[in-house]
Amino acid sequence: MEKNKIRGYGGRGWLLIIWIATAFLAYMVVGNYPLNILSDLYGGQQTLSTIYTVASVIGIVVQLFLGNFIGRMKSVKKFGVIMGLLTIIALLCIMFIPGFIPGPAQMLWRVAYGVGTVLSVMYGTFSLSILVGQWFPTRKGGVMGIATLAFPLGNGVIGAFAAAAFKGGSPHIPQAFAPFLVIIIIGWLLGIALIPDYPETAGGFRDNNPNMTPEMAKAMMEEEIENKKTTVWKLNHTLTTRDFWFLTLPAGFLLMFSVGTMTQTNQILGQMGEGLNRFGGFAGVMLMIMIFGLIGSFVLGIVDQKIGTKKSMVIACVIMLIAGILGAASSPEKPGLLVAALICLALFMGASSNYTVSLAAQYWRREDFSTVFAAVNPIANLISSMGPMVIAIIMIAKGYNMIFTTVAVIGVISIILVLLFSSKHVKEKDDKYRTAAGKPLDDALVGRK
């Protein structure tokens, strides 16, 4: 008799969510925190955004290199643990190397910042995201919707910790990072102790849905592990599939303009002058951004899970377009439009990190997920990594209104690209590659929404 599906994500499932949320926080704190709030101490926006972009590109090259080997990796969990440890060490260097003092220490700090950015990308957005696909292949939208709450939460409290760092007129950098460091270490330790590569090895089930015996679940896991080694979706096949680009490019644009714009919130909101006071000033607006970021991340994640990744991405891109229109029309006399634009950005900011996992898991086989994701994630993050630099350049050259005009234009392009995506065409490609490889055809990819 078929068992009833267990609601929720299970005890270990929730621990995985907590682990990846703390890894996302590490990615944000190591890469974005210095860029957004502390850049004046470390050489300015242009210097740090250049380091951030170069480091992100290096991380992307590493991910693409690993793409053809990820299916043969014995333990993605162990790889994630190592990346987490190195990220924590890099964060300690960022905290305690006095990079605000010109000289050798400043150069050493910049190296630590660049290396830490690469490591945090490999930790949170790469290795642990693959674990989510292995644990929750059909419920990844809801899982990522919860885990990515770390982005708006971290963004919402970043200003308060930065204020503490400058209290008294002299910088106390470790104080600004210490609370985040503690949370990141706790999540890392939980992952080491309690999370295996697959739920079946701990007596659990994929998607926390025990509609089979443990023996059947384990047999399916072992078959999947073997099939990963001979996946037909190698890097060349993935990159030459048009539908891969129809979703990956918009996923990257959503990340680029949400993350990139949020690194400039201090400068953008500063253009509003006293008009911002009616919204609680900078702190009040950042609180609203946090609240709506939490709402957007969770709701769009659930929409992804319930009605499909494509439709969820269309909704996110429409919100992106609305954000661009509102921001482009704003002015110091109409600060409410700018606040509304930033709220729209917040709505898809957290959710934008869901889609790299969701689209790879939604439209490809479980055995192909890790190799497809190893192409989706670096390319989307390559686009995203350009965000801080592009936004800073536009801000300096044309002002904040042009930032939002650009957001609106890219929003339209993204909507068109997502609408062009066809899961049927992915199925046709899958059939072609499996036939060439001598693998049997089936209906596993039929009806993917």
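All of these numbers come straight from a predicted model, not from anything done at the bench.

Conventions we followed
Residues numbered from 1 in each chain as written. Predicted model: local features only at pLDDT ≥ 70, side-chain atom pairs only at ≥ 80, totals over all residues. Heavy atoms only, no water. Helix = DSSP H or I, 4+ residues; strand = E, 2+ residues; numbered from the N terminus. Rg over C-alpha atoms; globule rule 2.2 N^0.38 Å. Buried < 20%, exposed > 50% of the residue type's maximum accessible area, 1.4 Å probe, protein only. Contact = heavy atoms within 4.5 Å. Areas by Shrake-Rupley, 256 points an atom, 1.4 Å probe, with all protein chains shown as cover. Lys, Arg positive; Asp, Glu negative; His and termini not counted. Charge placed at Lys NZ, Arg CZ, Asp CG, Glu CD. Salt bridge = Lys/Arg side-chain N within 4 Å of Asp/Glu carboxyl O. Phe/Tyr/Trp six-rings, centres within 6.5 Å; stacked < 30°, edge-to-face > 60°. Expected span 1.5 Å × (residues − 1). Axes fitted to C-alpha atoms, helices over the stretch in contact; angles between N-to-C directions. Parallel < 35°, antiparallel > 145°, perpendicular 65-115°, else oblique. Left-handed = near helix turned anticlockwise from the far one by under 90°. Nonpolar A, V, L, I, M, F, W, Y, C, P; charged D, E, K, R; others polar. Disulfide = S-S within 2.5 Å. Patch = residues over 30% accessible without salt bridge, like charges linked within 9 Å, V, L, I, M, F, W, Y side chains within 5 Å.

### Looking at the overall build of the chain
Consideration 1: When helices and strands are tallied, the chain shows 19 helices and 0 strands.
Consideration 2: Here the C-alpha atoms of the chain give a radius of gyration of 22 Å, agreeing with the 22 Å that 2.2 N^0.38 yields for 449 residues.
Consideration 3: Along the first, second and third principal axes, the C-alpha atoms of the chain reach 65 × 45 × 40 Å.
Consideration 4: Here the chain, with 449 residues, has 58% of them falling under the buried criterion.
Consideration 5: Of the contacts made within the chain by residues no fewer than 6 positions apart, 83% connect residues no fewer than 24 positions apart.
Consideration 6: Looking at the chain as shown, the accessible area adds up to about 17300 Å², and 69% of this sits on carbon and sulfur atoms.
Consideration 7: When the 34 positive and 21 negative side-chain charges of the chain are each reduced to one mean point, those points stand 3 Å apart.

### Comments concerning the pattern of salt bridges
Consideration 1: What the rule picks out here adds up to 9 salt bridges.
Consideration 2: In this structure, the salt-bridge partner of Lys-439 is Glu-367, at a minimum N-O distance of 3.7 Å. Highlighted residues: Lys-439 in the segment after α19 (423-437) and Glu-367 in the loop between α15 (355-363) and α16 (369-385), separated in sequence by 72 residues. Accessibility classification places Lys-439 together with Glu-367 in one group, the buried group.
Consideration 3: The network of salt bridges with shared partners includes Glu-200, Arg-206 and Glu-224.

### Quick look at the packing of aromatic side chains
Consideration 1: Across all of its chains, the model carries 15 aromatic pairs by this definition.
Consideration 2: Relative to Phe-180, the ring of Tyr-33 has its centre 5.6 Å away and its plane inclined at 85°; by these criteria the two rings are edge-to-face. Here Phe-180 lies in helix α7 (residues 173-194) and Tyr-33 lies in helix α1 (residues 11-36), a separation of 147 residues in the sequence. Judged on exposure class, the residue Tyr-33 and its partner Phe-180 are both buried.
Consideration 3: Between Phe-369 and Phe-373, the aromatic rings sit 5.6 Å apart at their centres with planes inclined by 20°, giving stacked as the arrangement. With Phe-369 and Phe-373 both in helix α16 and 4 residues apart, the pair spans about one turn of that helix. Each member of the pair, Phe-369 as well as Phe-373, is classed as buried.
Consideration 4: Every member of this aromatic cluster is reached through a ring pair, and the members are Tyr-9, Trp-14, Trp-135 and Phe-136.

### Brief notes about the side chain of Glu-200
Consideration 1: Examined against the element boundaries, Glu-200 turns out to sit in the loop between α7 and α8 (214-229).
Consideration 2: For Glu-200, a relative accessible area of 12% gives the class buried.
Consideration 3: Residues in contact with Glu-200, not counting those within four places in the same chain, are Arg-206, Ala-217, Lys-218 and Met-221.

### A few points about helix α13 (residues 309-329)
Consideration 1: Taking 1.5 Å of rise per residue, the 21 residues of α13 would be expected to cover 30 Å, and the 31 Å separating its terminal C-alpha atoms lies within 8% of that figure.
Consideration 2: Along α13, the residues that are buried comprise Thr-309, Ser-312, Met-313, Val-314, Ala-316, Cys-317, Ile-319, Met-320, Ala-323, Gly-324 and Gly-327.

### A short note on unusual backbone geometry
Consideration 1: Here Asp-207, not a glycine, exhibits a phi torsion of approximately 60°, which is positive.
Consideration 2: In this model, Asn-208 sits at a positive phi of 50°, which is unusual for a non-glycine residue.

### Brief notes about helix α10 (residues 242-262)
Consideration 1: With 21 residues, α10 extends 31 Å between its outermost C-alpha atoms, agreeing within 8% with the 30 Å of an ideal straight helix rising 1.5 Å per residue.
Consideration 2: Extensive coverage of α10 is indicated by the burial of 18 of its 21 residues.

### So, the environment of Leu-181
Consideration 1: Tracing the backbone shows Leu-181 in helix α7.
Consideration 2: Spatially, the C-alpha atom of Leu-181 lies 39 Å from that of Asp-243, the residues being 62 residues apart in sequence.
Consideration 3: Excluding residues that lie within four positions of it along the chain, Leu-181 makes contacts with Ile-88, Leu-91, Leu-92 and Met-95.

### Details of the packing of α10 against helix α18 (residues 400-420)
Consideration 1: Remark: α10 packs on α18, axes separated minimally by 8 Å, with the N-to-C direction vectors making an angle of 155°. It follows that α10 is roughly antiparallel to α18 by the angle criterion. As α10 runs across α18, the sense of the crossing is left-handed. Only Ile-403, Phe-404, Thr-406, Val-407, Ile-410, Ser-414, Leu-417, Val-418 and Leu-420 of α18 make contact with α10, whose side of the interface consists of Asp-243, Phe-246, Leu-247, Leu-249, Pro-250, Phe-253, Phe-257 and Thr-261.
Consideration 2: In terms of residue class, the contact of α10 with α18 is built from 13 nonpolar, 3 polar and 1 charged.

### Points about the state of the cysteines
Consideration 1: Tallied over the full model, the rule gives 0 disulfides.
Consideration 2: Considering cysteine sulfurs only, Cys-317 is the nearest to Cys-344, which forms no disulfide, with 13 Å between them.

### A few points about a nonpolar patch on the surface
Consideration 1: Judged by side-chain polarity, Leu-287, Ile-291, Phe-292, Ile-295, Phe-298 and Val-299 come together as a nonpolar surface patch covering roughly 480 Å² of accessible area.
Consideration 2: Here Leu-287 lies in helix α12 (residues 281-307).
Consideration 3: Its relative accessible area of 43% is what places Leu-287 among the partly exposed residues.

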